[in-house]
Amino acid sequence: IVIRHRSVPARPAELDGEVVILVEKGGGLDGAGAEAELRSAFGAFENARFEEGRWRVRFPTHAAAEAAVEAATAADALPGA
């Protein structure tokens, strides 16, 4: 059986500009200095908050979030994520 969705719902507006980084237990982003490492990888962003097993990083726009993720990925800036 194959299930196909006819449409994909729109992203909720409250998630525009938000990036979620999943953190490996014992990885570089689950200890002290993690926010500084995020700033080093992503550059300027509005805020970051840690939740169980993940960081939520907020950018001013969705385009800025996408550009930051693309740049960090190309530079392999978050190997512990």
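The following refers to the structure shown. Everything numeric in this text was worked out from a predicted model, so none of it was measured.

1. Overview of the overall build of the chain
And then number 1: Helix and strand counts for the chain stand at 2 helices and 3 strands.
And then number 2: In the chain, the succession of helices and strands from N to C terminus is β-α-β-β-α.
And then number 3: Among the 81 residues that make up the chain, the fraction classed as buried is 28%.
And then number 4: Taking contacts inside the chain between residues at least 6 apart in sequence as the whole, the part at least 24 apart equals 57%.
And then number 5: When the accessible surface of the chain is split by element, carbon and sulfur atoms take 54% of a total near 5800 Å².

2. Quick look at the environment of Leu 22
And then number 1: Its location among the elements puts Leu 22 in strand β1 (residues 18-22).
And then number 2: The exposure class assigned to Leu 22 is exposed, which follows from its relative accessible area of 56%.

3. Points about the side chain of Glu 18
And then number 1: Secondary-structure assignment places Glu 18 in strand β1.
And then number 2: A distance of 2.8 Å separates polar atoms of two side chains, one belonging to Glu 18 and the other to Arg 58.
And then number 3: Aside from chain neighbours lying at most four places away, what touches Glu 18 is Arg 49, Arg 56, Val 57 and Arg 58.

4. Notes on helix α2 (residues 62-74)
An α-helix turns once every 3.6 residues. As a result, residues three or four positions apart point the same way.
And then number 1: Here α2 contains 13 residues, and its C-alpha end-to-end distance of 18 Å stays within 8% of the 18 Å for a straight helix at 1.5 Å per residue.
And then number 2: Regarding α2, the residues found buried are Ala 65, Ala 68 and Ala 72. In a view along the axis of α2, the buried residues occupy a sector of 65°, so they form one face of it. Exposed residues lying more than 90 degrees from the buried face of α2 are Ala 63, Glu 70, Thr 73 and Ala 74.
And then number 3: Tucked inside the fold, the buried residues of α2 contact β1 and α1 (34-42).
And then number 4: Backbone geometry just after α2 places Asp 76 at a positive phi near 50°.

What counts, and where the lines are drawn
Residues numbered from 1 in each chain as written. Predicted model: local features only at pLDDT ≥ 70, side-chain atom pairs only at ≥ 80, totals over all residues. Heavy atoms only, no water. Helix = DSSP H or I, 4+ residues; strand = E, 2+ residues; numbered from the N terminus. Buried < 20%, exposed > 50% of the residue type's maximum accessible area, 1.4 Å probe, protein only. Contact = heavy atoms within 4.5 Å. Areas by Shrake-Rupley, 256 points an atom, 1.4 Å probe, with all protein chains shown as cover. Polar contact = N/O pair within 3.5 Å; in protein donor to acceptor, adjacent residues only side chain to side chain. Expected span 1.5 Å × (residues − 1). Arc of directions from axis to C-beta.

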